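Residues per chain, in single letters:
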Amino acid sequence: MFKKITMLLVLVFFASSAFAADLMVFSGAGLMKPMDEMIANFEKKHGAQVDTHYGSSGELFGMLKMGQKCDVLIPGAAKYTYDALKNGWIVEDSIHKIVKHVPVIAVPKGNPGNVSGLKDFANPDISTAIGDPKSPAIGRVARKIFKQNGLWEKVHPNIDVYAPTVNQLLVYVAMEQVDAAVIWADLTTWSEGRGKMDVLRIDPEKNIIKTIPTAVTSYGRENPLAKKFNAYISSKEGLAIWKKWGFEPCSAE
Amino acid sequence: MFRRIDFFRGGVIAVSVGVTAILLMAIGSFLIVPSWGAVWENMHSSELLFSLRLSLWTAAVSSLLVMLLALPIGYALSRFSFRGKAVVKTIMDLPVAFPELVLGLCLLLLFGKTPFGKFLQQSGLNFVFTQKGVVAAQFFTALPYAIRIMKSSFDFINPRIEFVSRSLGYSQWETFLNVTLPLTKSGITAAGVISFARCIGTFGTILILAGGSAGKTDTLPIHLYLNISYGNMDMAVTSGIILIIVSFMAIFIFEKTEADL
């Protein structure tokens, strides 16, 4: 009996290591929809198993720092890729800028707070949310936008909640728990948000538009699938999926 | 015959010791990772002290509220049969199996834009994105555990002792206060300690209902999560160590009371 259990344990141990993924992808949590679709296609095409970790850009960066295995990195803004490059975690010539990330103001359907622009975030009668400036890319960008427009001092004490992930912002707006949030334009096209929120464009002169890059990590350098995946998500075929989920390709500039 | 029993005995003990060893190694590896200088420094940082204070006072308030309600509910479930008792029991037990995130979403919806939520907000009880929300989140997460412990410790008290008290002319309330409560002292301690530990450890419910904003609603587990997401591992590990210490103390006291969960 004891022998059998031991054998079973050994078997389970070996079986589990045989199921390890062929490719590990770290992706910004806000890119989940297009990434899921592209990964499913990629798996089918190459018969490979892809594991994905979705997290805030800051979290992904921290996991790389801890030496977690990751072959391809796609954070919410280019800054993180370039910071990782500085630390020697990224293969430089593998960096591709894929799509634009455009901040917008999301309000619940019908705009119950009568929000008209960035300055309303300083109005104490309006409940507002932004991402935690230290964690998701959208939080950092939102703070930059308010600072750049001289609003941060007034907006900062008036924010009701700093969400640790961008998906939480989406939930709060869709569920009408806040009157306004700064969020990525592409997120608002998600089916969750459909029919539940309106989008206010930020004046392009006041806005800060980011790009989403993909890159192979130095850990993934030897993995042929990493290069293939990196190329696939920035290919024409990949861009069509990005577009479907509301992202604007960089090359259209 | 004897060999077989030995195999059985050896097997179950080996499994227990093996799993304990893995857990110990997991906790141990947490203590190897950080640089202790940084941890010591972080212990004194204002952010961590804020989170610690917030965790302690919210957990104290919520576990007090939990106990105030777990006592009557546990007693009712243990002693009386009434219409809908099965429903009450099931619903009260539900949050034990509920993922905390789901519970958080449910509470957010209830306290947010429903007429009930608006009524509460007008009466000064705004639970959405506030420290009051932290207390509410902890309360609903810990309540079912406390009710279970209280019910089973009331179950252990022989109702005959209460009958004797009643037959001597004491009212139900006097009997509860002077006979039942003192007999269940260790149950109350156990339920209180487990509630407190559960409140300290509440994460998902707080994250959704209270928002998890740094410097406002970040209790220790949220503080840990935020610092993982900032890539600040030393700080994350520091909050983790404090959480481990609190859990150890709670379980130590709980074991002393020898109550059943």
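Residues numbered from 1 in each chain as written. Chains lettered and ligands numbered in written order. Predicted model: local features only at pLDDT ≥ 70, side-chain atom pairs only at ≥ 80, totals over all residues.

Asker: Which residues make up the packing of helix H5 (residues 100-111) of chain B against helix H7 (residues 131-155) of chain B, and what values go with them?
Answerer: Residue and element names in this part refer to chain B. One way to put it is that H5 packs onto H7 with a least axis distance of 11 Å and a crossing angle of 125°. Taken together, the axes of H5 and H7 lie oblique to each other. Read as a crossing pair, H5 and H7 show a hand that is right-handed. For the pair H5 and H7, contact is made by Glu100, Leu103, Gly104 and Leu107 and by Ala136, Ala137, Phe140 and Thr141, respectively. Class assignment of the residues belonging to the contact of H5 with H7 gives a composition of five nonpolar, two polar and one charged. (Axes fitted to C-alpha atoms, helices over the stretch in contact; angles between N-to-C directions. Helix = DSSP H or I, 4+ residues; strand = E, 2+ residues; numbered from the N terminus. Parallel < 35°, antiparallel > 145°, perpendicular 65-115°, else oblique. Left-handed = near helix turned anticlockwise from the far one by under 90°. Contact = placed C-beta atoms within 7 Å. Nonpolar A, V, L, I, M, F, W, Y, C, P; charged D, E, K, R; others polar.)

Asker: How would you explain the packing of helix H3 (residues 46-79) of chain B against helix H10 (residues 185-201) of chain B if you had to name every residue and give the values?
Answerer: Residue and element names in this part refer to chain B. Across the interface, H3 lies against H10 with an axial gap of 8 Å and an inter-helix angle of 135°. What the angle tells us is that H3 and H10 run oblique. H10 is crossed by H3, and the crossing has right-handed handedness. Of the residues in H10, those in contact with Ser55, Ala59, Ser62, Ser63, Val66, Met67 and Ala70 of H3 are Ala191, Gly192, Ser195, Phe196, Cys199 and Ile200.

Asker: I'd love a proper account of the domain arrangement of chain B, names of residues and values included.
Answerer: For chain B, the domain assignment lists domain 1 (1-32) and domain 2 (36-257). Taking only C-alpha atoms into account, the centre of domain 1 of chain B sits 32 Å from that of domain 2 of chain B. (Domains from an automatic or database assignment.)

Asker: Got a sec to walk through helix H12 (residues 220-229) of chain B? Specific residues and values, please.
Answerer: Most of H12(B) is tucked away, with 10 of its 10 residues classed as buried. Of the positions making up H12(B), those classed as buried are Leu220(B), Pro221(B), Ile222(B), His223(B), Leu224(B), Tyr225(B), Leu226(B), Asn227(B), Ile228(B) and Ser229(B). Among the structural elements, strand E2 (50-55) and helix H3 (57-65) of chain A together with H3, H10, helix H11 (204-209) and helix H13 (233-257) of chain B are those in contact with the buried residues of H12(B). Where H12(B) terminates, the next one or two residues include Gly231(B), which has phi positive at roughly 75°. (Buried ≥ 20, exposed ≤ 12 C-beta atoms within 10 Å, placed from the backbone.)

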